[in-house]
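Take a look at the letters that make up each chain.
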Amino acid sequence: MTAIVEIRGLRKTYDDGFEALKGIDLSIEQGEILALLGPNGAGKTTLISSICGITVPTGGTVSVGGHDVVRDYRGARAMIGLVPQEITLEPFEKVIRTVRFSRGLFGKAPDEAHVEKVLRTLSLWDKRNARVIELSGGMKRRVLIAKALSHEPRVLFLDEPTAGVDVELRKDMWATVADLKAAGVTIILTTHYIEEAEAIADRIGVINDGQLLLVEEKAALMQRLGRKDLRIELQHPIDAVPEMLSHYGLVLEDGGMALTYTYDTQGERTGITQLLSDLSGAGLVLRDIQTRQSSLEEIFVGLVKEGTA
Amino acid sequence: MNWTAILAIYKFEMSRFFRTLLQSFISPVISTSLYFVVFGAAIGSRIDQVEGVSYGAFIVPGLIMLAVMTQSITNASFGIYFPKFIGTIYEVLSAPISFLEVVMGYVGAAATKALFIGAVILFTSSLFVELEIQHPIAMVGFMVLTCLSFALLGFIIGIWAKNFEQLQLVPLLIVTPLVFLGGSFYSISMLPPVWQTITLFNPVVYLISGFRWAFFGMADVPIGLSLLAIGGFTALCLVVIWWIFKTGWRIRS
Ligand SMILES: Nc1ncnc2c1ncn2[C@@H]1O[C@H](COP(=O)(O)OP(=O)(O)OP(=O)(O)O)[C@@H](O)[C@H]1O
Ligand SMILES: [Mg+2]
């Protein structure tokens, strides 16, 4: 694997003195889907803007495909497609014209076949002659994506591509992203929807307060930081957790029919064996046992709390 | 030089113009006609001739200049301010193009529109008065240079402006008065001596005078000075543009 985007010590202090990026180091592999997660104001958009030329970094370097984004901006930007977070489109222009404009702006010769393909992929072909102002919000977002794809980028930045998009359409977009990945495009997306990162990303980066807390393979991240719940269903209901089991931090649920034990998969010992023998020692009869991996959301909330603590 | 990109911006800007072509065409025709009715008929009946040229013909270069300057500024400032305002500027900033290419696209389109309107006014005027242009090439050259330099100024204003008020402030408070006081509708020699001297500090005087020279072969100031003025003004705008480019002032945060 080779890195297509190399970010080294990237810093950004805005004019008002606010430090939005505090030294980011990140290598993005060719052909991967990287999801950037982080709360509002974490610096996700600032990071993308610094790579794409919207803002000027105050420190550090970024290269895309070996081109420095400041010194060799033509080389770098020619490879990049950007779908911004905000819906920003010329309201009175026809859909197909804005898409053609984007292609021209990036210096690509007109290619109607490609424009048609992009519009069809995004189910916008029927709307090609509609003016932007006549489109629904979800359609506008797809126009933004069409504009970014019009010039055949090798690296695609999607800043919250599915914000305000319904479930159906979100699935469609995920499919589009998967197709792009199959075509070799490297994709960086930011999202607030954890399930989105979980569903489509290869790696996940977590940003908070201008710092990259971690970047890891999705599976590894889930495993490393994953906490698991062990749910123990009982044959007979109990009123309270028996005194001798209190140190396990069990939670009584379902009107006394179930107990939940949370443990760290990473921990040296999970304590499950001991718990099970203590349960029978306490005279409880088990009906069923299930384990459940905690979602990224829970992992994420845990991380951010840790980071700010 | 990324010509495809320059052309893309140019065409996109021009399409806005063509969408409202009729409107773009009619308003200069009407306003020119009004000027002729008011200035030509009312004042012209009192002032017969200015230095051997009928008053109606005399005001034509000034009329064209007035329109061309304000149109260049308005078109260019709006052209770059609007994408900043609605946010579509992100795409221009993220494109593999230099600032110079961005300027060429926007300023080129704004100047073209102004040139078109200048031509419409010239044509409309020729319906009211007899016009004989002594130096046609110089006339076209002057007009093109004026369109370009004022479109550059407009571009700078569009980048500088933080809201619509500021966008209109400079044309309204500075350019329009300078143009009106710059001898659009009178010869400087008609003013009292003190005012003649003061007027010479108005840069627009040199432009209008030079432009009038191309029409009638007569001028308030030597034609060389006029050329120097328009050249200097263009250079000044280019320097400011270059500085904006270097610093990313008010475009890239
Ligand atoms: N132009 C600017 N001038 C000053 N501060 C800014 C500017 N743009 C962003 N910031 C600040 O930088 C921080 C990071 O903003 P950024 O937009 O990168 O966050 P984000 O992670 O994209 O958030 P969200 O999830 O809400 O989109 C915020 O505190 C924001 O207020
Ligand atoms: Mg953001």
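Residues numbered from 1 in each chain as written. Chains lettered and ligands numbered in written order. Predicted model: local features only at pLDDT ≥ 70, side-chain atom pairs only at ≥ 80, totals over all residues. Heavy atoms only, no water.

J.: I tried to follow the overall build of chain A on my own but got confused; where do I start?
T.: For chain A, the helix and strand inventory stands at 10 helices and 14 strands. Along the three orthogonal principal directions, the C-alpha set of chain A runs to about 75 × 45 × 40 Å. Within chain A, contacts between residues separated by at least 24 positions form 69% of all contacts whose residues are at least 6 apart in sequence. Per element, the accessible surface of chain A, about 14,200 Å² overall, is 50% carbon and sulfur. Between the centroid of the 36 positive side chains of chain A and the centroid of its 44 negative side chains there is a distance of 8 Å. (Helix = DSSP H or I, 4+ residues; strand = E, 2+ residues; numbered from the N terminus. Contact = heavy atoms within 4.5 Å. Areas by Shrake-Rupley, 256 points an atom, 1.4 Å probe, with all protein chains shown as cover. Lys, Arg positive; Asp, Glu negative; His and termini not counted. Charge placed at Lys NZ, Arg CZ, Asp CG, Glu CD.)

J.: I keep staring at unusual backbone geometry and nothing clicks. Help me out?
T.: Phi is mostly negative for residues that are not glycine, and the peptide bonds are mostly trans. Residues and elements named next belong to chain A. Non-glycine residue D209 carries a positive phi angle of around 55°. With respect to the helices and strands, D209 occurs in the loop between β9 (203-208) and β10 (211-217). Residue classification places D209 among the partly exposed positions, given a relative accessible area of 41%. (Buried < 20%, exposed > 50% of the residue type's maximum accessible area, 1.4 Å probe, protein only.)

J.: I tried to follow the coordination of the magnesium ion (ligand 2) on my own but got confused; where do I start?
T.: Residue and element names in this part refer to chain A. For the magnesium ion (ligand 2), every protein donor is listed as T45 (OG1) and Q85 (OE1), and the spread of their distances is 1.9 to 2.1 Å. Taken together, the residues span a long stretch of sequence, with T45 in helix α1 (residues 44-52) and Q85 in the loop between β6 (80-83) and α3 (95-105) at a distance of 40 residues. A relative accessible area of 31% places T45 in the partly exposed class. By relative accessible area, Q85 is classed as partly exposed at 27%. (Donors = N, O, S within 2.8 Å, 3.2 Å for Na, K, Ca; no water.)

J.: Hey, could you run me through the state of the cysteines in this one?
T.: Cysteine pairs can be linked by a disulfide, which is a covalent bond between their two sulfur atoms. Residues and elements named next belong to chain B. In total, this model carries 0 disulfides over all chains according to the counting rule given. C147 forms no disulfide, and the closest cysteine sulfur to it belongs to C237, at a distance of 13 Å. The class of C147 is buried, set by a relative accessible area of 1%. (Disulfide = S-S within 2.5 Å.)

J.: I'm lost on the site of ligand 1 in this one. Help?
T.: Residue and element names in this part refer to chain A. For ligand 1, the set of nearby residues contains 15 residues, the closest of which are N40, K44, T45, T46 and Q85. Within the side chain of T46, an N or O atom sits 2.5 Å from an oxygen atom of ligand 1. Between ligand 1 and the protein, one listed contact pairs an oxygen atom with a side-chain N or O atom of Q85 at 2.8 Å. Sort the elements by how many residues they give to the shell around ligand 1 and α1 lands first, with 3 residues. (Near = heavy atom within 4 Å. Polar contact = N/O pair within 3.5 Å; in protein donor to acceptor, adjacent residues only side chain to side chain.)

J.: Can you help me understand the pattern of salt bridges in this one?
T.: When their charged atoms lie close together, side chains carrying opposite charge are able to pair. Throughout the structure, instances matching the rule amount to 22 salt bridges over all chains. Notably, a salt bridge pairs D209 of chain A with K22 of chain A, separated by 3.3 Å at the nearest N-O pair. Taken as a pair, D209 of chain A in the loop between β9 and β10 and K22 of chain A in strand β2 (residues 19-29) lie far apart in primary sequence, 187 residues in all. Take K22 of chain A: its relative accessible area is 26%, and that puts it in the partly exposed class. Two residues, R16 of chain B and E13 of chain B, come together in a salt bridge whose shortest N-O distance is 2.8 Å. Taken as a pair, R16 of chain B and E13 of chain B lie in helix α1 (residues 3-19) at a separation of 3 residues, close to a single helical turn. What makes R16 of chain B buried here is its relative accessible area of 17%. (Salt bridge = Lys/Arg side-chain N within 4 Å of Asp/Glu carboxyl O.)

J.: Explain the interface of chain A and chain B to me, please; I cannot follow it from the model alone.
T.: Quite often, the size of an interface is put as the accessible area lost when its parts meet. Counting residues at the interface gives 30 residues for chain A and 25 residues for chain B. Between chain A and chain B lies a buried interface of about 2,600 Å² when both sides are counted; carbon and sulfur atoms form 59% of it. Three residues stand out in chain A for area buried against chain B, namely E90, F101 and L105 of chain A, and they jointly supply 25% of the buried area on that side. Counting across the interface, chain A meets chain B through 4 salt bridges. In this structure, the salt-bridge partner of K147 of chain A is E91 of chain B, at a minimum N-O distance of 3.0 Å. Summed over the shared surface of chain A and chain B, the number is 8 residue pairs in polar contact (both at pLDDT 80 or more). Elements that contribute at least two residues to the side of chain A that touches chain B include exactly α2 (73-77), α3 and α5 (137-150) of chain A. Ranked by residues supplied to the side of chain A that touches chain B, first place goes to α3 of chain A with 6 residues. Of the residues contributing to the side of chain A that touches chain B, the split by class is 15 nonpolar, 7 polar and 8 charged. (Buried area = accessible area lost by both parts, 1.4 Å probe. Nonpolar A, V, L, I, M, F, W, Y, C, P; charged D, E, K, R; others polar.)

J.: Explain a nonpolar patch on the surface here, please?
T.: Residue and element names in this part refer to chain B. Among the surface-exposed residues, F18, L21, L22, F25, I26, I30, L34 and F116 lie close enough to one another that they form a single nonpolar patch of about 750 Å² accessible area. With 6 residues, helix α2 (residues 21-43) is the single largest residue contributor to the nonpolar patch. Residue placement: I30 occurs in helix α2. Classification of I30 by relative accessible area gives partly exposed; the value is 49%. (Patch = residues over 30% accessible without salt bridge, like charges linked within 9 Å, V, L, I, M, F, W, Y side chains within 5 Å.)

J.: Sorry if this is basic, but what is going on with the sheet that holds strand β4 (residues 59-64) of chain A here?
T.: All names here are of chain A. Judged by pairing direction, the sheet is antiparallel, and its 4 strands sit side by side in the order β2-β1-β4-β5 without closing on themselves. Edge positions in the open sheet fall to β2 and β5 (67-68), since each of these has one partner strand only. The pairing of β4 with β5 spans 2 bridges and is antiparallel. Counterpart to V64 in the pairing with β5 is H67. (Pairing = 2+ DSSP bridges.)

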